[in-house]
Amino acid sequence: MAAASSALLAQAVNILSIADMQALDRSVIADGMPSLLLMEHAAAGMFRHVIRYARRGRSIIICGTGNNGGDGLALARLLVRSDVAADVLVIGTREHLSADARTNLSLLSSEGVDAAFIDETSVDDACRRILSSAVMVDALFGTGVDRNIEGVPKRMVEAMNASKGIRISLDIPSGLPAIGSGSVCVKADHTITVGAPKDIFFLEPYTRFIGRLSVVPSMFPRERLRKPGAPMLLSARGFSKINCPDDAFASKRSASVCIIAGSEQYPGAAVLAASAVYRLGVGYIRLLVPYAIRDDIRKRLPPEVVTVGVGRKGDGHFSAPHIPQIEKEMKHARAVLIGCGVDRHAETGDLLNALVPRIDRPLVVDADGLYFISRNKELMPKLSSSTVLTPHVDEFSRLVDIPADEIQSDAFNKLAAFRERTKAGVVLKSAVTFISDDAGIAVHARPQYGMGKAGMGDVLAGIITGLLARGFSMHDAMTLGVYAHGKAFRIMRTRSSADEIQPSDVSRAVGHALRSIRTRIIK
């Protein structure tokens, strides 16, 4: 693991399985931690998020009889003490309450709030109350329930999903573990989980039910939440101590990028990639494009970007005879990007197959470059540990010969298996993005409508390449690049609608995004 990544990893939040969290909960209680204290601490953390919603209008808390319901009852008490009106429903009977849930029900009653117990005779009225509420807190079932939801609980879940109010799930959306077998599940707008995010939150079909994700601290000892080799969740806090490799005495050559991109069919990809690099403080950008599009590209980029036409005047795509010129042009580059918009001509494949294994510096391969690797899988073992592949799910599907839906439902294992075939790092792009390298797997889970537009990947590839040229380790360049890309989109989202935002807008906002992540990247 690269030393440059230690600051990020030290502040990372591990992603654990449901089984891991259940075992940890049992062991901590067995070691003497009172379960009621764990519940109270969790409710206090959840309260800090829920109170922001609960003050918007009438709230309703839907509790089960287990410990997830106990969390909801404890939360209700904290809301009442803050003068927030909330109705409390308990699905089931008093006799079936867990010990801790029963204690919290008693404490809630002492605050003057009587929970309503819901059965088949009262479920219709309960559903009407849910439908008329502005905020719904789902504390029905936790991680311990992996069976299909039926009967009265099913009616309650269906009512929550039919409501126009805000749905907040405590720890896990009720029904989530069983949706693969057809169960109903609360479609949360915000999931507030305790201790560590659960791995299924990031996999299909489960991830569509999570909404915004927040992780609140637990009372578990911190070292017991750190599982060696566990994936980590990216957050801005984790980047705050990354050391930026700045050197006031460095020449422009010390942070030089060479981009091999574009074709007559896809000239815009070269423009987008170069524009993203341009915003990262790189000292020198050399963009190599087929000669036929050189003049057009020059008109569309700032004068600081040196655009070089490769080959002869009529050449509209790259081919193997261009290799000597390309190798000469990238001689001083600290990082290289290849593949954006190069198209899929057989001659271009010949160039890529011959050139990529010979590049002896940090290399990012994107788009059509990945297509040619998928057609010539003998290249994969030849890729160096300083190579980054940036496939979206369909491109990764071609690389591994596995259907895209299988990848999305088992991304952690599929990435681990792929990494046994190549030394290259991988950025697997989707609504949830996975980063895999020698340090393990990191996850960026901020799904954004509007980020699936053509060209967004070219911008991300440019960002990662620029960070590599600046001297960031491969791990830091991939993780910071992915986070900054998403952050730049969110910044633009404050100014425009998601439909309006284009990849070129994101590239212009990346400098602002990096500043907002509180790193030392932009002085």
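In this text the structure is predicted, and so the values were computed from the model without any measurement.

1. Some thoughts on the overall build of the chain
Along the backbone of the chain there are 19 helices and 18 strands. Taken against the 2.2 N^0.38 rule, which gives 24 Å for 523 residues, the C-alpha radius of gyration of the chain at 26 Å falls within 12% of a compact globule. Counting only C-alpha atoms and orienting by the principal axes, one finds that the chain spans roughly 85 × 40 × 40 Å. For the chain, the residues scored as buried account for 58% of the 523 residues in total. A separation of at least 24 residues holds for 72% of the contacts in the chain among residues at least 6 apart in sequence. Across the chain, the mean location of the 64 positive side-chain charges is 7 Å away from that of the 54 negative side-chain charges.

2. Quick word on the sheet that holds strand E11 (residues 284–290)
One open sheet holds the 11 strands; their spatial order is E1-E9-E18-E17-E16-E15-E14-E13-E10-E11-E12, and the pairing between them is mixed. Two strands in the sheet have a free side with no partner beyond their single neighbour: strand E1 (13–14) and strand E12 (305–310).

3. Considerations on the sheet that holds strand E5 (residues 135–139)
Spatially, the seven strands line up as an open sheet ordered E4-E3-E2-E5-E6-E7-E8, and their pairing is parallel. A strand with exactly one partner marks an edge of an open sheet, and here the two such strands are strand E4 (116–118) and strand E8 (212–216). On average, adjacent strands in this sheet sit at an angle of 20° to one another, irrespective of strand direction. In terms of strand pairing, strand E6 (residues 166–170) meets strand E7 (residues 190–194) through three bridges, oriented parallel. Bridge pairing links Leu 170 to Ile 192 in E7. In the packing of helix H6 (residues 123–131) onto the sheet, contacts are made with strand E2 (59–63), strand E3 (86–91), E4 and E5, and the angle to E3 comes to roughly 140°.

4. Quick word on the confidence of the model for the chain
If pLDDT is low for a region, its predicted coordinates should not be looked at in detail. Taken over all residues, the pLDDT of the chain has a mean of 92, while the share at 70 or more is 94%. The model gives residues 1–10 a pLDDT under 50, and that stretch makes 22 contacts with residues more than four places away or in other chains.

5. Section: helix H4 (residues 67–81)
The terminal C-alpha atoms of H4 lie 21 Å apart, and with 15 residues this matches the ideal 21 Å at 1.5 Å per residue to within 8%. Restricting attention to buried positions, one finds in H4 the residues Asn 68, Gly 69, Gly 70, Asp 71, Gly 72, Leu 73, Ala 74, Leu 75, Ala 76, Arg 77, Leu 78 and Leu 79. Buried residues along H4 sit in contact with helix H3 (35–54), E2, E3, helix H5 (99–110), E5 and E6. Among the residues trailing H4, Asp 83 stands out with phi positive, at a value near 60°.

6. Overview of the pattern of salt bridges
In total, this model carries 21 salt bridges according to the counting rule given. The closest approach of N and O atoms between Arg 155 and Asp 124, which form a salt bridge, is 2.6 Å. With a gap of 31 residues between them, Arg 155 in helix H7 (residues 151–162) and Asp 124 in helix H6 connect regions that are remote in the sequence. Since its relative accessible area comes to 34%, Arg 155 is described here as partly exposed. When its relative accessible area of 41% is taken as the criterion, Asp 124 is described as partly exposed. For Asp 505, the salt bridge is made with Arg 508, and the minimal N-O distance between the two is 2.5 Å. Separated by three residues within a single helix, Asp 505 and Arg 508 lie in helix H19 (residues 503–516), roughly one turn from each other.

7. What about the pairing of strand E13 (residues 335–338)?
Burial of the side chains of E13 extends over both faces: Ala 335 and Leu 337 are buried on one face and Val 336 and Ile 338 on the other. Where E13 meets strand E14 (residues 363–365), three bridges bridge the pair, whose relative direction is parallel. Counted as the bridge partner of Val 336 is Leu 363 from E14. Regarding the hand of the β-α-β motif, the stretch spanning E13, helix H12 (residues 346–355) and E14 is right-handed.

The rules behind the values
- Residues numbered from 1 in each chain as written.
- Predicted model: local features only at pLDDT ≥ 70, side-chain atom pairs only at ≥ 80, totals over all residues.
- Heavy atoms only, no water.
- Helix = DSSP H or I, 4+ residues; strand = E, 2+ residues; numbered from the N terminus.
- Rg over C-alpha atoms; globule rule 2.2 N^0.38 Å.
- Buried < 20%, exposed > 50% of the residue type's maximum accessible area, 1.4 Å probe, protein only.
- Contact = heavy atoms within 4.5 Å.
- Lys, Arg positive; Asp, Glu negative; His and termini not counted.
- Charge placed at Lys NZ, Arg CZ, Asp CG, Glu CD.
- Pairing = 2+ DSSP bridges.
- Axes fitted to C-alpha atoms, helices over the stretch in contact; angles between N-to-C directions.
- pLDDT = per-residue confidence, 0-100.
- Expected span 1.5 Å × (residues − 1).
- Salt bridge = Lys/Arg side-chain N within 4 Å of Asp/Glu carboxyl O.
- Right-handed = clockwise from strand over helix to strand, strands pointing away.

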